[in-house]
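# Report on the structure
The lines below spell out each chain.
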Amino acid sequence: MASFPSAARLLLLVAAALVLSSVSAAAGAGGSPPLAKGLSFEFYRARCPQAEAIVFAFLKDAIRKDVGLAAALLRIHFHDCFVQGCDGSVLLDRTNGVDSEKVPVLLSFLAKIGLNADDLVALSGAHTLGIAHCGSFEERLFPKDDPTMDKFFAGHLKLTCPRLKVDNFTANDIRTPDVFDNKFYVDLLNRQGLFTSDQDLHTDAKTKPMVTRFAVDQAAFFDQFVKSMVKMGQINVLTGNQGQIRTDCSVPNAARSAGDELPWSVVETAVETLVL
Ligand code: HEM
Ligand SMILES: *[C@@H]1O[C@H](CO)[C@@H](O)[C@H](O)[C@H]1NC(C)=O
């Protein structure tokens, strides 16, 4: 039950990013990020004024039935945008590995696609929701504890992952696993971040002040998260006559599959080794 209002809050954020409307209101005094040519916050206002309400109602219902969907949707949106741009290519059949990297490497990669340190810190806050499998953090527990991890937390994780290669999972945010809030940053302050890439945000002098700020000011986190999601949602976005609307989400349309696909971008190669 506690997760319900939070899921609704997340929906606001996700729906804003997906439908790209009413963000200026949500983004508050700081204003909204610039839009790629061909995108408009008003696009649906005349031709489908109910678009946002329909998406919102559908997601609200789906997430009420399964709160894990909020995390899954959020993550798939991120993966879609980081692999070849936000074009739904993540839905095509493919495999990806899971790894993490040091913050400076992530930052220099993000800079290439127009994201900055603020975006990295805010977007990583998505780890306030969802789960992670032992394989995503077990190298921080074995053969010995990562010294940057709180001892109590490491012991807690070992109840779930008692040795290497156990097929189990745990919540990303130990404090409020199903609530979209700023507790992820409180975790980091307490050295209870699950992934190295997350804990690094608090270790690195460049990102530490923002981690602290978001930990004490949830509104500041929400504000930056909306802005960063709108930015992320426009990475190499296809507009106008570019791309295609697939009849089957997992397969390119037959007529175009022969050789009309986008080239596998530098983003794809870089991110598969660094981020995903
Ligand atoms: C910055 C680099 C990032 C790294 C290295 C990273 C890494 C990971 C890893 C290792 C997992 C656990 C996967 C598993 O073991 O099942 C995970 C889960 C998740 N990630 Fe990230 N992530 C990053 C950024 C993001 C961003 C930008 C978002 C969204 C805005 C995001 C949203 C999520 C969510 C919601 C989950 C939970 C998925 C679920 O429960 O189904 N991550 N991430
Ligand atoms: C999986 O994790 C739970 C706690 O989250 C634990 O009780 C259980 O023993 C773990 N399973 C294995 C095979 O270690």
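What counts and what doesn't
Residues numbered from 1 in each chain as written. Chains lettered and ligands numbered in written order. Predicted model: local features only at pLDDT ≥ 70, side-chain atom pairs only at ≥ 80, totals over all residues. UniProt positions renumbered as here; feature names shortened; annotations may be inferred. Helix = DSSP H or I, 4+ residues; strand = E, 2+ residues; numbered from the N terminus. Buried ≥ 20, exposed ≤ 12 C-beta atoms within 10 Å, placed from the backbone. Contact = placed C-beta atoms within 7 Å. Near = placed C-beta within 6 Å. Nonpolar A, V, L, I, M, F, W, Y, C, P; charged D, E, K, R; others polar. Core = buried A, V, L, I, M, F, W, Y, C linked by C-beta atoms within 7 Å.

Going by an unreviewed UniProt entry, the chain carries the name peroxidase and comes from Triticum turgidum subsp. durum. As stated in UniProt under Sequence similarities (unreviewed entry), the record for the chain gives "Belongs to the peroxidase family. Ascorbate peroxidase subfamily." Taken directly from UniProt, the Catalytic activity (unreviewed entry) text for the chain runs: "2 a phenolic donor + H2O2 = 2 a phenolic radical donor + 2 H2O".

### Quick word on the overall build of the chain
Secondary structure assignment for the chain yields 14 helices and two strands. Here the chain holds 276 residues, and the buried ones make up 33% of them. Taking all contacts inside the chain whose residues are at least 6 apart in sequence as the whole, residues at least 24 apart take part in 72%.

### Focus: the UniProt feature "active site" (unreviewed entry) in the chain
Here the UniProt-annotated "active site" (unreviewed entry) positions come out as His79. Here His79 lies in helix α5 (residues 68-82).

### A short note on the site of ligand 1
Lining the immediate surroundings of ligand 1 are 23 residues, of which Ala71, Ala126, Gly130, Ala132 and Ser136 lie closest. No other element matches α5, which puts six residues into the shell around ligand 1. Partitioning the shell around ligand 1 into residue classes produces 13 nonpolar, nine polar and one charged.

### Concerning the nonpolar core
Soluble globular proteins tend to pack their nonpolar side chains together in the buried interior. Counting 40 residues, the largest nonpolar core has Val121, Tyr185, Val211 and Phe214 as the members making the most contacts within it. The leading source of residues in this core is helix α12 (residues 218-232), at seven residues. Residues in contact with Phe214, not counting those within four places in the same chain, are Val121, Gly125, Asn182, Tyr185, Ala220 and Phe221.

### A closer look at the site of ligand 2
Around ligand 2 sit Leu159, Thr160, Pro162, Val166, Asn168 and Thr170, and that is every residue in its neighbourhood. Across the shell around ligand 2, the residue classes break down as three nonpolar, three polar and no charged.

### Some thoughts on the UniProt feature "site: Transition state stabilizer" (unreviewed entry) in the chain
Per the UniProt record, the feature "site: Transition state stabilizer" (unreviewed entry) sits at Arg75. Within the secondary structure, Arg75 is located in helix α5.

### Considerations on unusual backbone geometry
A cis amide bond, omega 5°, links Phe142 with the succeeding residue Pro143. Mapped onto the secondary structure, Pro143 falls in the loop between β1 (131-133) and α8 (151-160). With a phi close to 65°, Lys165 is a non-glycine residue in the positive phi region. Relative to the assigned elements, Lys165 resides in the loop between α8 and β2 (169-171). For Lys165, a count of 9 C-beta atoms within 10 Å gives the class exposed. The residue Arg191 is not glycine, and still its phi comes out positive at about 55°. Note that Arg191 resides in the loop between α9 (183-189) and α10 (196-203). Looking at Arg191, the number of C-beta atoms within 10 Å reads 18, which means it is partly exposed.

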